[in-house]
Amino acid sequence: MQANIVVLPGDGIGPEITAVAVDVLKAVANRFGHNFSFSEHDIGGIAIDKHGEPLPAATLEACSKADAVLLGAVGGPKWSDPNAKVRPEQGLLAIRKALGLFANLRPVRTHPAALNASPIKPELLKDVDFVVVRELTGGIYFGDKTRDADSASDLCRYTVVEIERVLRSAFRLAQQRRGKLTSVDKANVLETSRLWRDIAARIGREEFPDVELEHQLVDSMAMHLIAKPRVYDVIVTENMFGDILTDEASMLAGSLGLLPSASLGEQGKVGIYEPIHGSAPDIAGKGIANPYATILSAAMLLRHSLGLEAEAAAIEQAVTAALDGGHFTADLAAQGQALSTRQAGAAVLAQLK
């Protein structure tokens, strides 16, 4: 297979972790006989510095023509002025909107070797395996915003179409997994959540009767996610709730550095793949960032954009084997010698070969 992959290293540790993931993709291409081409473009803070905007037109054009996009991270203290008119995160929101990426898939799977890195009791974590589907282009992050001397507001708005399409994606994913979908909202308070719950019930009843659907309020979900994470299969929710819950879920895996994500739109369209963590400016340039989430995001890229299931599974198995072998970066190593970003990547490459 031939594939054109655009790499957006971004800011902070982004260039370090994407470089390792690209090495892994090249090794997969060599092992399975594929031809992957890679091109780098700017996004986020580095794009503001070089081009005066967080999403240059050339970057968006390259991404729209690509087969898939691998992204590192955006943002950092250099661009953190709350009054700035242009911020790195605007590039991320803009590219998702422009490419129509409305469903963010965030799998959470615990690795036995890394259970001790989590602050949660290991007996609660065994065999945790669920996926959060987060709506990505609507809600309060994209609503009208106002601010004056006395007040500020952010409008949370959802249309029926926006809710239907992400719910259908989640139902289809549940069909492919264990057949259980948990829809998370705040229907006891928010009108947008009441609409969300009504649509979820209708789609489940009319289109996916084979999927078991349950509704959870977001506050109780935050508790259950820690108390009984094994019971969940697919969790679907709106933009802000999904953002918060998946950061909480990272504690189940032991580190944000183990959790990948895929941002997808309509079938056949380009997707963006990135770790769920941020740019970690405090460790940028030190070569100690955990690359596993980015490598696992590359596996999702192979699976969802290129349809290469065996190749994706090979990467996932290589990461698992590396962790089983005790190849831990500083965020996972409780004591002893922690590996560098490159050394962790080398452990995965060794497994692939």
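Structure's up top.
Residues numbered from 1 in each chain as written. Predicted model: local features only at pLDDT ≥ 70, side-chain atom pairs only at ≥ 80, totals over all residues. Heavy atoms only, no water.

### So, the overall build of the chain
- The helix and strand inventory of the chain stands at 12 helices and 12 strands.
- Oriented by its inertia axes, the alpha-carbon framework of the chain measures out at about 50 × 50 × 40 Å.
- Counting all 353 residues of the chain, 53% fall into the buried class.
- The long-range fraction of contacts in the chain, counting pairs at least 24 apart against all pairs at least 6 apart in sequence, stands at 76%.
- A total of about 15300 Å² of accessible surface is found on the chain, and carbon and sulfur atoms cover 51% of it.
- Side-chain charges of the chain comprise 35 positive and 43 negative groups, with the mean position of each set lying 2 Å from the other. (Helix = DSSP H or I, 4+ residues; strand = E, 2+ residues; numbered from the N terminus. Buried < 20%, exposed > 50% of the residue type's maximum accessible area, 1.4 Å probe, protein only. Contact = heavy atoms within 4.5 Å. Areas by Shrake-Rupley, 256 points an atom, 1.4 Å probe, with all protein chains shown as cover. Lys, Arg positive; Asp, Glu negative; His and termini not counted. Charge placed at Lys NZ, Arg CZ, Asp CG, Glu CD.)

### Considerations on the side chain of Glu164
- Its place among the elements puts Glu164 in helix α6 (residues 160–176).
- The exposure class of Glu164 is buried, given its relative accessible area of 15%.
- Side-chain polar atoms of Glu164 contact the side chain of Arg202, separated by 2.7 Å.
- Here Glu164 is in contact with Ile199, Arg202 and Ile203, once residues within four sequence places are set aside. (Polar contact = N/O pair within 3.5 Å; in protein donor to acceptor, adjacent residues only side chain to side chain.)

### Structural notes on empty space enclosed by the protein
- One pass over the full model with this rule turns up 1 cavity of 30 Å³ or more.
- Tyr158, Leu190, Thr192, Ser193, Trp196, Glu238 and Phe241 together form the lining of the largest cavity.
- Of the residues forming the lining of the largest cavity, the biggest block, 3 residues, is contributed by helix α7 (residues 191–207).
- Across the lining of the largest cavity, the residue classes tally to 4 nonpolar, 2 polar and 1 charged. (1 Å grid on protein atoms, 1.4 Å probe; cavity = no way out; pocket = protein on both sides within 12 Å on 5 of 7 lines; lining within 4 Å. Points joined across faces, edges and corners; volume = space filled by probe spheres on them. Nonpolar A, V, L, I, M, F, W, Y, C, P; charged D, E, K, R; others polar.)

### A closer look at unusual backbone geometry
- Of note in the backbone geometry, Asp127 takes a positive phi value of approximately 65 degrees without being a glycine.
- By the element assignment, Asp127 lies in the loop between α5 (122–125) and β5 (129–135).
- Overall, Asp127 belongs to the exposed group, its relative accessible area being 58%.
- In the Ramachandran plot, Ala280 falls in the positive-phi region, its phi being about 45 degrees despite a non-glycine side chain.
- According to the relative accessible area criterion, Ala280 is partly exposed, its value standing at 23%.

### Here's the deal with the packing of aromatic side chains
- The full count for this structure, using the stated rule, is 2 aromatic pairs.
- Pairing Tyr158 with Trp196 gives two aromatic rings, centres 5.9 Å apart and planes at 70 degrees, and the pair type is edge-to-face. Taken together, the positions of Tyr158 in the loop between β7 (152–154) and α6 and Trp196 in helix α7 put the pair 38 residues apart, joining distant regions of the chain. For the pair Tyr158 and Trp196, a shared accessibility class is recorded, and that class is buried.
- Aromatic side chains Phe171 and Phe208 sit 4.9 Å apart centroid to centroid with 5 degrees between the ring planes, which places their arrangement in the stacked category. With Phe171 in helix α6 and Phe208 in the loop between α7 and β9 (212–217), this residue pair connects regions lying 37 residues apart in the sequence. The exposure classification of Phe171 matches that of Phe208, with both residues buried.
- When the ring centre of Phe142 is taken as reference, the NZ or CZ atom of Lys97 above it lies at 4.9 Å. (Phe/Tyr/Trp six-rings, centres within 6.5 Å; stacked < 30°, edge-to-face > 60°. Lys NZ or Arg CZ within 6 Å of the ring centre and 35° of its normal.)

These figures capture arrangement, not role.
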